[in-house]
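Structure assessment
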Amino acid sequence: MPSEGRVREWWPLLLPCAYLLHLAEEWWGGEGLGAWMARAYGREVSPSRFLLLNGVVWPLFAVLTAAALRKPALAWFPTTFSTIVLVNGLLHALGSLAIGSYSPGVVTGVLLNLPLGTYGLVVGRRRLPPRTFALAVLAGILVHVLVAVIAFA
């Protein structure tokens, strides 16, 4: 049985796994996220844009997460990724509440992204210097905004 320290060392690998499950729910859940966004907010994310964007972002985040486990210079990345999934989970929950309907991605957003993102921020707060932690969180927010801008462009 692995020690607690060993489990903590590998927990960031849960982030790309949760993100992949979340993408699957956004794609196949209900009417699909793109169609839901078009119906709910009048802004569609086209299927090709969704696939292209996430086909680039998911592998990049998975590689950076794995690299962060081996390279101390990337120790900030799990905090950034945790911020991204936490913000995403919150936005799905708020979107579903605001519109009063199932938002594709809300189940994994609430059950996986919120707790995992919160855990990642708690760990990052403990392990990173305050300035590095703040910059990692800010980077996560900015990346989420950038992805949204690209998705709806």
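Scroll up a little and you will see the structure.
Here's a quick rundown of the structure. Predicted model only: the values in this text are computed from it and were never measured.

1. Observations regarding the overall build of the protein
Looking only at helices and strands, one finds 7 helices and 0 strands in the protein. When the helices and strands of the protein are listed from N to C terminus, the series reads α-α-α-α-α-α-α. Over its C-alpha atoms, taken along the principal directions, the protein stretches across nearly 45 × 30 × 25 Å. In the protein, buried positions account for 41% of the 153 residues. Long-range pairs, those at least 24 residues apart, make up 80% of the contacts in the protein between residues at least 6 apart in sequence. Total accessible area on the protein stands at roughly 8,500 Å², and carbon and sulfur atoms take up 73% of it. With 11 positive and 6 negative side-chain charges, the protein shows a spacing of 13 Å between the two charge centroids.

2. Focus on the side chain of Thr79
Looking at where Thr79 falls in the secondary structure, it is placed in helix α5 (residues 77–99). The contact partners of Thr79, leaving out residues within four places of it in the chain, are Gly120, Leu121, Gly124, Leu128, Phe133, Ala136 and Val137.

3. Regarding the pattern of salt bridges
The full count for this structure, using the stated rule, is 1 salt bridge. Two residues, Glu31 and Arg39, come together in a salt bridge whose shortest N-O distance is 2.8 Å.

4. As for the packing of helix α3 (residues 33–41) against α5
Viewed as axis vectors pointing N to C, α3 and α5 meet at an angle of 45 degrees, and their least axial separation amounts to 11 Å. Relative to α5, the element α3 is oriented oblique. The handedness of the crossing between α3 and α5 comes out as left-handed. Packed against α3, whose contacting residues are Leu33, Trp36, Ala40 and Tyr41, the element α5 presents His92, Gly95, Ser96, Ala98 and Ile99 at the interface.

5. Quick word on the environment of Cys17
In this structure, Cys17 sits in helix α2 (residues 14–28). Its relative accessible area of 46% is what places Cys17 among the partly exposed residues. Along the chain, Cys17 and Val63 lie 46 residues apart, while their C-alpha atoms are 12 Å from each other.

6. Details of the packing of aromatic side chains
For any pair of aromatic rings, the description rests on two quantities: the centre-to-centre distance and the angle between the ring planes. Summed over the entire model, instances satisfying the criterion amount to 9 aromatic pairs. On the numbers, 6.2 Å between centres and 35 degrees between planes, the contact of Tyr19 with Phe61 is tilted. Taken together, the positions of Tyr19 in helix α2 and Phe61 in helix α4 (residues 47–70) put the pair 42 residues apart, joining distant regions of the chain. Given a relative accessible area of 12%, Tyr19 falls into the buried group. Of the residues examined, Phe61 reaches a relative accessible area of 8% and is grouped as buried. On the numbers, 5.7 Å between centres and 75 degrees between planes, the contact of Trp36 with Tyr41 is edge-to-face. Judged by its relative accessible area of 2%, Trp36 is buried. The exposure class assigned to Tyr41 is partly exposed, which follows from its relative accessible area of 42%.

7. Let's talk about the environment of Trp36
Within the secondary structure layout, Trp36 lies in helix α3. Not counting residues up to four positions away in its chain, the partners in contact with Trp36 are Glu31, Tyr41, Gly95, Ser96, Ile99, Ser101, Tyr102, Ser103 and Pro104.

Reading the values: the criteria
- Residues numbered from 1 in each chain as written.
- Predicted model: local features only at pLDDT ≥ 70, side-chain atom pairs only at ≥ 80, totals over all residues.
- Heavy atoms only, no water.
- Helix = DSSP H or I, 4+ residues; strand = E, 2+ residues; numbered from the N terminus.
- Buried < 20%, exposed > 50% of the residue type's maximum accessible area, 1.4 Å probe, protein only.
- Contact = heavy atoms within 4.5 Å.
- Areas by Shrake-Rupley, 256 points an atom, 1.4 Å probe, with all protein chains shown as cover.
- Lys, Arg positive; Asp, Glu negative; His and termini not counted.
- Charge placed at Lys NZ, Arg CZ, Asp CG, Glu CD.
- Salt bridge = Lys/Arg side-chain N within 4 Å of Asp/Glu carboxyl O.
- Axes fitted to C-alpha atoms, helices over the stretch in contact; angles between N-to-C directions.
- Parallel < 35°, antiparallel > 145°, perpendicular 65-115°, else oblique.
- Left-handed = near helix turned anticlockwise from the far one by under 90°.
- Phe/Tyr/Trp six-rings, centres within 6.5 Å; stacked < 30°, edge-to-face > 60°.

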